[in-house]
Amino acid sequence: MLDANSKTIRGQGVAPKIGSARERALAQKALYAAARAGDIGAIRAALAGGANVNQLEGCASPGPRGRGQKSALDCAFAAGHVVAASYLIDQGATLDESLLEVAASLGRADFLRLFVDRGAPRHRSKQALLVALTVSPELRRLEIVQALVEVDSGVATLPLVIRTRSAPETLDPVVVAAAYVWPEALRLIVDATLGSGLRARLNRAFLETSQTRGTVEARNATRALLVELLLSDEIS
């Protein structure tokens, strides 16, 4: 027998009672803690207790939404809990547009694939690729570049035009990979690049390797790859 505070939802049985405002506030705090711990059972209990999966938490450390704003999904992401993040998305957690770029900057290919699979905006994949190419060498993850190329076949085909205060700036992944002397990433990007005009982009990329960024070995390896590509009959 159902009391006045319960209701039946088709396919879900009896919905849990939602308590007082204080109980919901405690459930909300519990949700953030459970997300940080990656505890699916505790996440489920907090949501059943009235926690809002998309409510933002004030916090001192910056998250994908900026300083002082983190959702439960952000907390699970920051703590590296992929399964918990997936469960939160199943429960309606919103995918912020910047998540692909944050995942790329942290070298987390597992999260990047999760976010793309669950509907993160793919128009941000080019920005995410540029982030992945320009992180410090110790944070580089070739699987991030590979994942981005796989989820968006056109991610490296055309340069990204960024509007700045002074004038639009064009960032070409081919040139950026060469400028940051990452030959392995350059090879992946070139292999994924479609259409003509690649030779001109490679010529520009070769000029960028004259900069002092990176080690001598990395610069030499990048230049050697560029020469090989420019001499190839397959490049147009």
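About the thresholds
- Residues numbered from 1 in each chain as written.
- Predicted model: local features only at pLDDT ≥ 70, side-chain atom pairs only at ≥ 80, totals over all residues.
- Heavy atoms only, no water.
- Phe/Tyr/Trp six-rings, centres within 6.5 Å; stacked < 30°, edge-to-face > 60°.
- Helix = DSSP H or I, 4+ residues; strand = E, 2+ residues; numbered from the N terminus.
- Buried < 20%, exposed > 50% of the residue type's maximum accessible area, 1.4 Å probe, protein only.
- 1 Å grid on protein atoms, 1.4 Å probe; cavity = no way out; pocket = protein on both sides within 12 Å on 5 of 7 lines; lining within 4 Å.
- Points joined across faces, edges and corners; volume = space filled by probe spheres on them.
- Nonpolar A, V, L, I, M, F, W, Y, C, P; charged D, E, K, R; others polar.
- Contact = heavy atoms within 4.5 Å.
- Core = buried A, V, L, I, M, F, W, Y, C linked by side-chain atoms within 4.5 Å.
- pLDDT = per-residue confidence, 0-100.

Chemist: How do you make sense of the packing of aromatic side chains when you look at a structure like this?
Modeler: The relation between two aromatic rings is expressed through the spacing of the ring centres and the mutual angle of the planes. Applying the stated rule across the entire model yields 3 aromatic pairs. Both rings, one in Phe77 and one in Phe115, keep their centres 5.2 Å apart while their planes meet at 85°; by these two values the pair is edge-to-face. Note that Phe77 is positioned in helix H3 (residues 72-79) and Phe115 in helix H6 (residues 109-117), a separation of 38 residues in sequence. Side by side, Phe77 and Phe115 carry an identical accessibility label, which is buried. Arranged with centres 5.8 Å apart and planes meeting at 40°, the rings of Phe111 and Phe115 form a pair that is tilted. Note that Phe111 and Phe115 are positioned in helix H6 at a spacing of 4 residues, about one turn of the helix. The buried category is assigned to Phe111, whose relative accessible area is 0%. For Phe115, a relative accessible area of 0% puts it in the buried group. Members of the aromatic cluster, each reached through a chain of ring pairs, are Phe77, Phe111 and Phe115.

Chemist: I keep staring at the layout of surface pockets and nothing clicks. Help me out?
Modeler: Think of a ball as big as a water molecule: rolled over the atoms, this probe shows where empty space is left. As a volume, the largest pocket reaches approximately 180 Å³. Contributing to the lining of the largest pocket are 11 residues, with Val190, Asp191, Leu198, Glu234 and Ile235 lying nearest its centre. In the lining of the largest pocket, the residues fall into 4 nonpolar, 4 polar and 3 charged.

Chemist: Would you take a moment to explain the side chain of Thr193 for this structure?
Modeler: Along the polypeptide, Thr193 turns up in the loop between helix H10 (183-192) and helix H11 (198-208). In contact with Thr193, other than residues within four places in its own chain, are Ala156, Thr157, Val174, Leu198 and Arg201.

Chemist: Help me out: how do you make sense of the nonpolar core in this one?
Modeler: A general feature of soluble globular proteins is that nonpolar side chains tend to end up buried together. Ranked by size, the top nonpolar core spans 67 residues in total, and within it Leu88, Leu112, Phe115, Leu133, Val145 and Leu202 carry the most contacts. The contacts of Leu133, once residues within four sequence positions are left out, are Val145, Pro173, Val176, Ala177, Tyr180, Trp182, Ala185 and Ile189.

Chemist: How should the confidence of the model for the protein be read in this particular structure?
Modeler: Parts of the prediction with low pLDDT should not have their coordinates interpreted in detail. Across the protein, pLDDT averages 81, with 80% of residues at or above 70. Taken element by element, the protein is modelled with least confidence in strand E1 (residues 8-9), mean pLDDT 28, and with most confidence in helix H4 (residues 82-90), mean pLDDT 97. Every residue in residues 1-17 is under pLDDT 50, and counting partners more than four places away or in other chains gives 13 contacts.

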